[in-house]
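# Examining the three-dimensional arrangement
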Amino acid sequence: MLDGDGSKRPGFLTVPFLIVCSFYFLVFAAGYQLFPVVPLRLRDLGASLAESGRFQTAFMLGSGFGALFTGPLGDRLGPRRVLRVASLAVVGILVVYALLRVRWVFYLLAPVHGLLWSALRTASISKVGGILPLEHRAQGLSIFGLTGPGGVAVGPLVGLWLMPHLGFTWMMVLLAGVFALLHSLIGVLPREAPREIAGTVFQWPDRSVWGPVAVMGLVGLSFGPMTPYSAQEAKALGLAWPSAFLTCFALGMMAMRGLLALTGMGRRPVALMPGMAALTAVGYGMLAFLPGGLARHLSAGLVYGAGYGMVHTLMLTHLLETTAPQRRGSAAGAFFFAFDAATALGALGLGWVMQHGGFRWGWAIGAGLMTLAIPVAQRVVGKRPTVTPEAELPAILGS
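Reading the values: rules and limits
- Residues numbered from 1 in each chain as written.
- Predicted model: local features only at pLDDT ≥ 70, side-chain atom pairs only at ≥ 80, totals over all residues.
- Heavy atoms only, no water.
- Helix = DSSP H or I, 4+ residues; strand = E, 2+ residues; numbered from the N terminus.
- Buried < 20%, exposed > 50% of the residue type's maximum accessible area, 1.4 Å probe, protein only.
- Contact = heavy atoms within 4.5 Å.
- Areas by Shrake-Rupley, 256 points an atom, 1.4 Å probe, with all protein chains shown as cover.
- 1 Å grid on protein atoms, 1.4 Å probe; cavity = no way out; pocket = protein on both sides within 12 Å on 5 of 7 lines; lining within 4 Å.
- Points joined across faces, edges and corners; volume = space filled by probe spheres on them.
- Nonpolar A, V, L, I, M, F, W, Y, C, P; charged D, E, K, R; others polar.
- Salt bridge = Lys/Arg side-chain N within 4 Å of Asp/Glu carboxyl O.
- Expected span 1.5 Å × (residues − 1).
- Axes fitted to C-alpha atoms, helices over the stretch in contact; angles between N-to-C directions.
- Parallel < 35°, antiparallel > 145°, perpendicular 65-115°, else oblique.
- Phe/Tyr/Trp six-rings, centres within 6.5 Å; stacked < 30°, edge-to-face > 60°.
- Core = buried A, V, L, I, M, F, W, Y, C linked by side-chain atoms within 4.5 Å.

A separate point is the overall build of the protein chain. Counting secondary structure elements, the protein chain contains 14 helices and 0 strands. Going from the N terminus to the C terminus, the protein chain shows its helices and strands as α-α-α-α-α-α-α-α-α-α-α-α-α-α. Residues classed as buried in the protein chain amount to 56% of the 399 residues present. Residue pairs in contact within the protein chain that sit at least 24 positions apart in sequence constitute 86% of those at least 6 positions apart. Just so you have it, the protein chain exposes about 16500 Å², and 69% of that area is on carbon and sulfur atoms.

Tallying each qualifying case throughout the model produces 4 cavities of 30 Å³ or more. The computed volume of the largest cavity comes to approximately 120 Å³. At the level of elements, α1 (15–44), α3 (54–77), α5 (103–131) and α10 (244–263) are the ones that each hand at least two residues to the lining of the largest cavity. Counting residues per element, the lining of the largest cavity draws most heavily on α1, at 3 residues. Residues of the lining of the largest cavity, tallied by class, amount to 11 nonpolar, 3 polar and 1 charged.

Helix α9 (residues 226–236) sits mainly inside the fold: 9 of its 11 residues count as buried. Those residues of α9 that sit buried are Met226, Thr227, Pro228, Tyr229, Ser230, Ala231, Gln232, Glu233 and Ala234.

Applying the stated criterion across every chain yields a total of 3 salt bridges. Here Glu51 makes a salt bridge to Arg103, at a shortest N to O gap of 2.7 Å. Here the residue Glu51 occupies a position in helix α2 (residues 49–52), and Arg103 occupies one in helix α5, the gap between them amounting to 52 residues. What makes Glu51 buried here is its relative accessible area of 12%. Exposure remark for Arg103: the relative accessible area of 26% places this residue in the partly exposed category. Asp340 is paired through a salt bridge with Arg121; the nearest N and O atoms lie 2.7 Å apart. Note that Asp340 is positioned in helix α13 (residues 328–357) and Arg121 in helix α5, a separation of 219 residues in sequence. Owing to a relative accessible area of 0%, Asp340 belongs among the buried residues under this scheme. Of the residues examined, Arg121 reaches a relative accessible area of 9% and is grouped as buried.

With that settled, the discussion passes to helix α4 (residues 79–99). Between the first and last C-alpha of α4 there are 31 Å, a value that for 21 residues agrees with the 30 Å anticipated at 1.5 Å per step. Among the residues making up α4, those that are buried are Pro79, Arg80, Val82, Leu83, Ala86, Ser87, Val90, Val91, Ile93, Leu94, Tyr97 and Ala98.

Position of Thr227 relative to the elements: it lies in helix α9. Using a relative accessible area of 0% as the deciding quantity, one classes Thr227 as buried.

Put simply, helix α11 (residues 273–289) and helix α14 (residues 359–381) touch, their axes get as near as 8 Å, and they point 170° apart. Considering the angle they form, α11 stands roughly antiparallel to α14. Between α11, through Met273, Pro274, Ala277, Ala278, Thr280, Ala281, Tyr284, Gly285, Leu287, Ala288 and Phe289, and α14, the contact on the second element is made entirely by Arg360, Gly362, Trp363, Ala364, Gly366, Ala367, Met370, Thr371, Ile374, Ala377, Gln378 and Val381. By residue class, the composition of the contact of α11 with α14 is 16 nonpolar, 6 polar and 1 charged.

Attention now moves to the packing of aromatic side chains. One pass over the structure, following the stated rule, counts 24 aromatic pairs. For the ring pair Tyr97 and Phe106, a centre distance of 5.5 Å and an interplane angle of 10° mean the geometry is stacked. Accessibility assignment for this pair places Tyr97 and Phe106 in one class, buried. Here a set of aromatic residues connected by ring pairs shows up, and it is made of Tyr24, Phe28, Tyr32, Phe35, Phe55, Phe59, Tyr97, Phe106, Trp117 and Phe168.

On to the side chain of Ser63. In this fold, Ser63 is placed in helix α3. In contact with Ser63, other than residues within four places in its own chain, are Gly114, Leu115, Trp117, Ser118, Arg121 and Asp340.

Take the nonpolar core next. Counting residues in each nonpolar core, the largest one holds 109 residues, and the members touching the most others are Phe55, Leu94, Tyr97, Met172, Met273 and Trp363. With 16 residues, the top contributor of residues to this core is α1. Not counting the four nearest positions on each side in its chain, Tyr97 is found in contact with Leu34, Phe55, Phe106, Leu109, Ala110, His113, Phe168 and Met172.

So, about the environment of Leu42. Tracing the backbone through its elements, the reader meets Leu42 in helix α1. Looking at Leu42, the relative accessible area reads 0%, which means it is buried. The spacing of Leu42 and Phe106 is 64 residues in sequence and 8.6 Å in space, taken between C-alpha atoms.

What follows is the structure in structure tokens.
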């Protein structure tokens, strides 16, 4: 496109932008390969059904607590440096996973890996926001916002297909090679100018954050068993497509975002929050109470993903709209901490329920927890924002 003086405007499909998009896609694809595959590996090493979910518990606790620090840390060090260091550290952890023959080391490394995963997420979001020119930011962020769900869609499908063909060890070696390549590619990203930021790395969030934090805590508790146990239920039922739920979950997220991008979300998008929470609860209830196997996983995944993706997105948007600019780092950290830590507890607690009462009981309790989020979301949405949003960035970042 040309400006009025005939000069060419900068586009947004630049090499740095595509690198960050590829990186963010692979962060989620790699994570969602691990979540269903590592529990299967732990079962091979002698873990019980309940114990096999503890990897995700430890991972998400590391990610949750890390979110309180990695965002502000990236503001100080620069997202490019965080991406370089964290991606190289992930290479080392994946190589160690490949060599492990004892279960307890998985649980020891999982929170460190989760902290690094948190750093990769926050730094990628920060970096892409700095790369995109202002006039193309909405277009660019719309594309970037699909990379996380795309990774969620592909990761379980690829991981559960590779596991019997390559074996766990070579899967980890392959993933380590991918992150080693990405580590080198990140080197071509533009460097950030150094900046001084006053205050400590950790800042306690404002009281206005607690409503969204409560919603995401309930969402996280219910989401906890999804990734480590949906594929295990599919395998226990003998389904030909073990990743059916997780793949359809991601497809549902992408479809709902695409639909709302075309039809619009009204002048106050957050007003859709209670309805999306209800849709999420319906999808969860379908997984818990519908008869059958594959058709249940397919339909429940699509409905659950359609609601869940927008709950995440709309609540993060509301949170950042109602938080002063100088406090948004701590607010986002509290948001991700609430979700990740609750996800860890959900994987642990509902995994125990599934061990002793069966998968259906765990899904039923999760559906109840998601239902409780609906009135809390209504209360949050009823409070009008007091801070004027400065940009449209938050609307696509939940994943």
